[in-house]
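Fold and geometry: a report
Spelled out from the first residue to the last, the chains are:
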Amino acid sequence: MERNLYESEHAAFRGSVRTFMDRQVAPRHADWEKAGIVDRDVWVEAGKQGLLGFDVPEEYGGGGTRDFRYNAVLDEEIIRVGATGLGFGLHNDIIAPYLLDLGTDEQKQRWLPGFCSGELISAIAMSEPAAGSDLQGLTTHARRDGEGWVLSGSKTFISNGINADLVIVVAKTDPEAEGARGLSLLVVERGMAGFERGRNLEKIGLKAQDTAELFFDEVRVPAHNLLGEENRGFVHLMERLPQERLSIAVAAVAACERMLEITLEYAKGRTAFGRPIGRFQHNRFVLAELATETNVARTYLNECIRQHNQRTFTVSDAAMAKWWTTDLQNKVADACLQLHGGYGYMTEYPISRAWLDSRVQAIYGGTNEIMKEIVGRGLGL
Ligand SMILES: Cc1cc2nc3c(=O)[nH]c(=O)nc-3n(C[C@H](O)[C@H](O)[C@H](O)COP(=O)(O)OP(=O)(O)OC[C@H]3O[C@@H](n4cnc5c(N)ncnc54)[C@H](O)[C@@H]3O)c2cc1C
């Protein structure tokens, strides 16, 4: 089906992103997978190409356009080359809105130029060893000390955790407040005394992505590193989660399209019993069904992106898009791997990595069960 979401300027942008991915990323990604982390210089190269901070005003070095289609093009092209280690989606789609919407002028001047040049890599730290889905269980806390705070606690599973220079940390700042109230967003920067990184965690997929534990031992966070309003952290998080979930859905649909493309080619070339395996009716039906569902997902996703640009995309819409597209991604991954037979189980075949990389999509950004809770509550249940 025609992809009528994008206009000529997005097509031109896609061309330059594709060149960047083919030249600067694809040839190096296997090395980054072995290292468990991408080299920082690729961030700086991406900054030079204008791939970081599309919606950041030009005065800070950004693209100056708030149009999520640019974010989506970059996310899709990253998936097209299987470069799942790049944390650009997190930086652009998830962190940028926090700095743009909540940052003071002084904070924007301090952080946004580096954010756009790729010299300042960002992360957001909500999850803790004993609290992921349930933010009410967070124990990382900060107590007032003069003008600033003293932060203590630990976080886990933090994407860009090793490379990050700036981490938005969710901490309890009002110990008396109940549940998820009394949280604030404190920005911790590389080099602050008492801020330590733990292990770069070993994962089954996203091998080139650094996902780390972070520790805060009486870290002195100055007053000017509070992002947004004190004790309003939960509201700030909830307001920005739809874009995070849309970003995950974009990656999910792009992954379905890529896995189908790889598998169609394989099913046409691999023969058994004297014919290409795609010509057996069972396999032809499997591929026909997956192609149909992926097409439905693409059409739906494009409408989600359109609504998000029009500011009519709700928390419930985002939860629907996130669970449905990532469930489909895992279904496509499994069926496509099966169609590869034993070769699908070999890491040298891209479908095996796509299968492993798909799994986490149903878990992070809020698990798919939590997404259904949100949708259900939206139905008044
Ligand atoms: C690779 C990776 C990258 C990540 N990156 C980040 C990051 O950058 N920043 C960050 O803060 N976090 C990050 N996370 C953490 C991620 O968001 C959490 O793992 C996720 O929210 C789930 O939390 P949990 O692991 O504690 O699982 P739990 O909350 O313990 O859930 C365990 C199971 O119980 C289910 N469950 C929990 N509550 C309910 C309920 N009410 N109803 C039904 N089922 C329920 C869940 O769906 C899940 O199946 C990342 C995780 C991974 C794996």
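The notes below deal with the structure included here. (Residues numbered from 1 in each chain as written. Predicted model: local features only at pLDDT ≥ 70, side-chain atom pairs only at ≥ 80, totals over all residues. Heavy atoms only, no water.)

This part takes up the pattern of salt bridges. In total, this model carries 29 salt bridges according to the counting rule given. The closest approach of N and O atoms between Glu-303 and Arg-306, which form a salt bridge, is 2.9 Å. On the criterion of helical spacing, the pair formed by Glu-303 and Arg-306 is a turn pair, its members being three residues apart in helix H8 (residues 281–309). (Salt bridge = Lys/Arg side-chain N within 4 Å of Asp/Glu carboxyl O. Helix = DSSP H or I, 4+ residues; strand = E, 2+ residues; numbered from the N terminus.)

Right, let's talk about the packing of aromatic side chains for a bit. Two aromatic rings, taken as a pair, are described by how far apart their centres are and by the angle between their planes. In total, this model carries eight aromatic pairs according to the counting rule given. Judged by centre distance (6.4 Å) and plane angle (85°), the ring pair of Phe-273 and Phe-280 falls under edge-to-face. Classification of Phe-273 by relative accessible area gives exposed; the value is 83%. Seen in terms of ring centroids, Tyr-300 and Trp-324 are 6.0 Å apart; in terms of plane orientation they differ by 80°. Their pairing is edge-to-face. You can see Tyr-300 sitting in helix H8 and its partner Trp-324 sitting in helix H9 (residues 315–339), a full 24 residues away along the chain. Given the relative accessible area of 28%, Tyr-300 is considered partly exposed. By way of ring pairs, the aromatic residues Phe-13, Phe-54 and Tyr-70 are connected into one cluster. Between Arg-14 and the ring centre of Tyr-6, over which it is positioned, the NZ or CZ distance is 5.1 Å. The ring of Trp-149 is capped by Arg-144, whose NZ or CZ atom sits 4.3 Å from the centre of that ring. (Phe/Tyr/Trp six-rings, centres within 6.5 Å; stacked < 30°, edge-to-face > 60°. Buried < 20%, exposed > 50% of the residue type's maximum accessible area, 1.4 Å probe, protein only. Lys NZ or Arg CZ within 6 Å of the ring centre and 35° of its normal.)

What follows is about the site of the ligand. Around the ligand sit 17 residues, and of these Ser-127, Ser-133, Phe-157, Thr-367 and Glu-369 come closest. The separation between an oxygen atom of the ligand and a polar side-chain atom of Ser-133 is 2.6 Å. In the environment of the ligand, an oxygen atom lies 2.6 Å from a nitrogen or oxygen atom belonging to the side chain of Glu-369. Protein coverage of the free-state accessible area of the ligand, which is 970 Å², stands at 64%. Counting residues per element, the shell around the ligand draws most heavily on strand E3 (residues 148–159), at three residues. By residue class, the composition of the shell around the ligand is nine nonpolar, six polar and two charged. (Near = heavy atom within 4 Å. Polar contact = N/O pair within 3.5 Å; in protein donor to acceptor, adjacent residues only side chain to side chain. Areas by Shrake-Rupley, 256 points an atom, 1.4 Å probe, with all protein chains shown as cover. Nonpolar A, V, L, I, M, F, W, Y, C, P; charged D, E, K, R; others polar.)

This part is about the environment of Cys-304. Within the secondary structure layout, Cys-304 lies in helix H8. Under the relative-accessibility criterion, Cys-304 is labelled buried at 7%. With ten residues separating them in the primary sequence, Cys-304 and Thr-314 have C-alpha atoms 9.7 Å apart. The residues contacting Cys-304, other than those within four sequence positions of it, are Leu-246, Phe-313 and Ala-321. (Contact = heavy atoms within 4.5 Å.)

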